[in-house]
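# Understanding the architecture of this molecule
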Amino acid sequence: MQLKNKPYNVLLIAAIALFLSSFFISNNVLDIHLHDTYFIIAKKYIFWMLAFVSTIIWAIYKLTDKLLYSKSLIWIHAIATILTIALILLYLHSENQITTARKYYDFSSWELNTFFDDKFIFWLKALLGITILCQLVFFINLILGVIKRK
């Protein structure tokens, strides 16, 4: 794979790494309490979902490679996507450290939860906004490439 000419191949490498690493994680689960229902998701399925999303983004890049405007915009989007995946995995790891006793806590009220302070929520919202803006880089790159072709 040529990373210099086709930087979106980094997403395929990340997808393969996520898929392979899912077989080496323990049988941890993510517990989500929503209203009166607990959703329990195995973390390996989250790894598979992130690998699938990376593969889909890679496939979209593969299909639209000739229409794209700039390699630097591809690098920005690919790095932002991988950093987003890394932040999700970091959250999963930190969530596992908090609730290792496998007790079902009631996090339905944010005011009672002291782990999520105001600074954490602010930075979480800021990172979510930056992630959404960085995902828009692909569409900007595609639109500029189509305009340049005309």
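Residues numbered from 1 in each chain as written. Predicted model: local features only at pLDDT ≥ 70, side-chain atom pairs only at ≥ 80, totals over all residues. Heavy atoms only, no water.

## Re helix α1 (residues 9–21)
This is how it is decided: Per the convention used, a helix needs a DSSP run of H or I reaching at least four residues, while a strand needs a run of E reaching at least two, with both numbered from the N terminus. By this rule the span expected of a helix is its residue count minus one, scaled by 1.5 Å. Exposure categories follow from relative accessible area, calculated using a 1.4 Å probe and restricted to protein chains: below 20% of the type maximum is buried, above 50% is exposed, and the middle band is partly exposed.
With 13 residues, α1 should reach 18 Å at 1.5 Å per residue; the first-to-last C-alpha distance of 18 Å fits that figure. Turning to α1, its buried residues are N9, V10, L11, L12, A14, A15 and L18.

## Examining the packing of aromatic side chains
The criterion, for reference: Paired rings are identified among Phe, Tyr and Trp, the last through its six-membered ring, by centres lying within 6.5 Å, and are further divided according to the angle between planes into stacked (under 30 degrees), edge-to-face (over 60) and tilted (the rest).
Here the structure, examined in full by the defined rule, presents seven aromatic pairs. Geometrically, the ring pair formed by F19 and W48 is tilted, given 6.1 Å between the ring centres and 35° between the ring planes. Of this pair, F19 sits in helix α1 while W48 sits in helix α2 (residues 43–63), and the two are 29 residues apart along the sequence. Geometrically, the ring pair formed by F138 and F139 is edge-to-face, given 5.4 Å between the ring centres and 70° between the ring planes. Residue F138 is classed as buried on the basis of its relative accessible area of 7%. Accessibility expressed as a relative area gives 48% for F139, which makes it partly exposed.

## Thoughts on the nonpolar core
What counts is decided by this rule: Residues belong to a common nonpolar core when they are buried Ala, Val, Leu, Ile, Met, Phe, Trp, Tyr or Cys residues joined through side-chain atoms within 4.5 Å. Should any heavy atoms of two residues lie within 4.5 Å, those residues are counted as being in contact.
Counting eleven residues, the largest nonpolar core consists of Y8, L11, L12, I57, W58, Y61, L68, I74, A78, F138 and L142. Mapped by element, the contributors of at least two residues to this core are α1, α2, α3 (71–98) and α4 (118–149). Here this core takes three residues from α2, the largest share from any one element. Excluding anything up to four places from it in sequence, I74 contacts P7, Y8, Y61, L68 and N141. Grouped together as the second largest cluster of nonpolar side chains are nine residues, A15, L18, I46 and A51 included.

## Points about a positive patch on the surface
In plain terms, the rule: Patch membership needs two things, relative accessible area over 30% and no salt bridge, and members are linked within 9 Å if like-charged or within 5 Å if nonpolar (Val, Leu, Ile, Met, Phe, Trp, Tyr). Under the convention used here, a 1.4 Å probe and the Shrake-Rupley method define accessible areas, while residue burial counts only the protein chains that appear. Here, a salt bridge means any side-chain nitrogen of Lys or Arg that lies within 4 Å of a carboxyl oxygen of Asp or Glu. In this count, Lys and Arg are taken as positive residues and Asp and Glu as negative ones, while His and the chain termini are left out. All charge positions are set by atom: Lys at NZ, Arg at CZ, Asp at CG, Glu at CD.
Where like charges cluster on the molecular surface, the positive patch consists of K62, K66, K71, K148 and R149. R149 gets classed as exposed once you look at its relative accessible area, which sits at 57%.

## Points about α2
The periodicity of an α-helix, 3.6 residues per turn, causes residues three or four places apart in sequence to face the same way. To keep things clear, this is the line we draw: Note: the arc covers the axis-to-C-beta directions of the helix.
Here α2 spans 30 Å end to end across 21 residues, near enough to the 30 Å set by a 1.5 Å rise per residue. Turning to α2, its buried residues number three or more, namely K43, I46, F47, L50, A51, S54, I57, W58 and Y61. Projected down its long axis, α2 shows its buried positions confined to an angular sector of 135°, all on one face. α2 presents F52 and L63 as exposed residues on the side facing more than 90 degrees away from its buried surface.

## Focus on the confidence of the model for the chain
What counts is decided by this rule: Per-residue confidence from the predictor is given as pLDDT, running between 0 and 100.
Taken as a whole, the chain shows an average pLDDT of 78; of its residues, 81% reach a score of 70 or greater. Ranking the elements of the chain by mean pLDDT puts strand β1 (residues 29–34) last with 73 and α1 first with 90. Below a pLDDT of 50 lies the segment residues 98–102, which in the model reaches four contacts outside its immediate sequence neighbourhood of four places, other chains included.

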